[in-house]
Amino acid sequence: MNYRIAIVYHSAGGNTKALAEAIGSLLPEAELYRMSEFDLRTLPNYDALIVGTYTWGNGELPAKSAAFYEQLEQLPIASLKTGVFGTGETNYNHFCGAVDHFRDMLFAKSQLLVTLKIEQMYQDSDLSRLQKFTSLFQN
Ligand SMILES: Cc1cc2nc3c(=O)[nH]c(=O)nc-3n(C[C@H](O)[C@H](O)[C@H](O)COP(=O)(O)O)c2cc1C
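The protein goes by Flavodoxin-like domain-containing protein in an unreviewed UniProt entry, where it is assigned to Peribacillus simplex. Quoted verbatim from the Function (unreviewed entry) field of UniProt, the annotation for the protein is "Low-potential electron donor to a number of redox enzymes."

Have a look at this one:
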């Protein structure tokens, strides 16, 4: 069977969506979903899950990402390969704090491979970091 990857992201203003699409273009076999449209019951069909979120409040998860996080941590994901990416702004105290929240949970519960934090809108100069991130999911 093919190695199946889901990229599941939440974006309000488009920065995280653009990053998700850039990651998706480097992993053409991956399936891209908004968090609100991904059915977690299909997770057993995947070998890898890549989660993307922006950060809200003071280093917090936005509500939709928090709901996804709470459901995900209840699931049997010990053998699932995972990665987390996010966008944020470095002038906040907790840059991409939402990525750190997912990282800590996924490190404990799953096979976390890598994380990636990007300042607001992804730039061409970030490409090498994206390539390193995605290379870990190339089978
Ligand atoms: C009210 C508010 C709070 C924010 N808090 C943080 C924060 O604590 N840490 C951070 O890194 N970015 C923070 N941000 C910045 C956003 O995470 C950043 O602009 C992100 O790229 C937005 O992603 P999106 O365009 O996908 O929605 C905050 C933005 C707003 C409007």
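Asker: Tell me what's going on with the pairing of strand β2 (residues 31-34), and back it up with residues and numbers.
Answerer: Relative to β2, strand β1 (residues 5-10) runs parallel, the two sharing four bridges. By the bridge assignment, V8 is partnered in β2 with Y33. Following the chain from β1 across helix α1 (residues 15-26) to the adjacent parallel β2, one finds a crossover that is right-handed.

Asker: Now, about the site of the ligand: what can you tell me, with residues and values included?
Answerer: Around the ligand, a shell composed of 20 residues is seen, among which S11, T16, T55, G59 and T87 lie nearest. One nitrogen or oxygen atom from the side chain of T16 is found 2.7 Å from an oxygen atom belonging to the ligand. E89 has a polar side-chain atom sitting 3.0 Å from an oxygen atom of the ligand. For the ligand, the protein covers 83% of the area, taking 650 Å² as the surface of the free molecule. Of the pockets mapped on this structure, the ligand occupies the largest pocket. At the level of secondary structure, the elements contributing two or more residues to the shell around the ligand comprise α1 and β4 (81-88). Considered class by class, the residues forming the shell around the ligand number six nonpolar, 13 polar and one charged.

Asker: A description of the side chain of T53 should follow, citing residues and the corresponding values.
Answerer: Here T53 lies in strand β3 (residues 48-54). With a relative accessible area of 0%, T53 lands in the buried category. At 2.8 Å, the side chain of T53 and the side chain of S65 are in polar contact.

Asker: Explain the pattern of salt bridges to me, using residue names and the numbers behind them.
Answerer: Counted under the stated rule, the structure contains six salt bridges. Between D39 and R41 there is a salt bridge whose closest N-O contact spans 3.1 Å. Of the residues examined, R41 reaches a relative accessible area of 73% and is grouped as exposed. The salt bridge partner of D100 is K117, with a shortest N-O separation of 2.8 Å. Here the residue D100 occupies a position in helix α3 (residues 97-109), and K117 occupies one in strand β5 (residues 111-119), the gap between them amounting to 17 residues. What makes K117 partly exposed here is its relative accessible area of 24%. Each of D100, R103, D104 and K117 takes part in salt bridges that share partners, so that together they form one network.

What counts, and at which threshold
- Residues numbered from 1 in each chain as written.
- Predicted model: local features only at pLDDT ≥ 70, side-chain atom pairs only at ≥ 80, totals over all residues.
- Heavy atoms only, no water.
- UniProt positions renumbered as here; feature names shortened; annotations may be inferred.
- Pairing = 2+ DSSP bridges.
- Helix = DSSP H or I, 4+ residues; strand = E, 2+ residues; numbered from the N terminus.
- Right-handed = clockwise from strand over helix to strand, strands pointing away.
- Near = heavy atom within 4 Å.
- Polar contact = N/O pair within 3.5 Å; in protein donor to acceptor, adjacent residues only side chain to side chain.
- Areas by Shrake-Rupley, 256 points an atom, 1.4 Å probe, with all protein chains shown as cover.
- 1 Å grid on protein atoms, 1.4 Å probe; cavity = no way out; pocket = protein on both sides within 12 Å on 5 of 7 lines; lining within 4 Å.
- Sits in = over half its atoms within 2 Å of the grid points.
- Nonpolar A, V, L, I, M, F, W, Y, C, P; charged D, E, K, R; others polar.
- Buried < 20%, exposed > 50% of the residue type's maximum accessible area, 1.4 Å probe, protein only.
- Salt bridge = Lys/Arg side-chain N within 4 Å of Asp/Glu carboxyl O.

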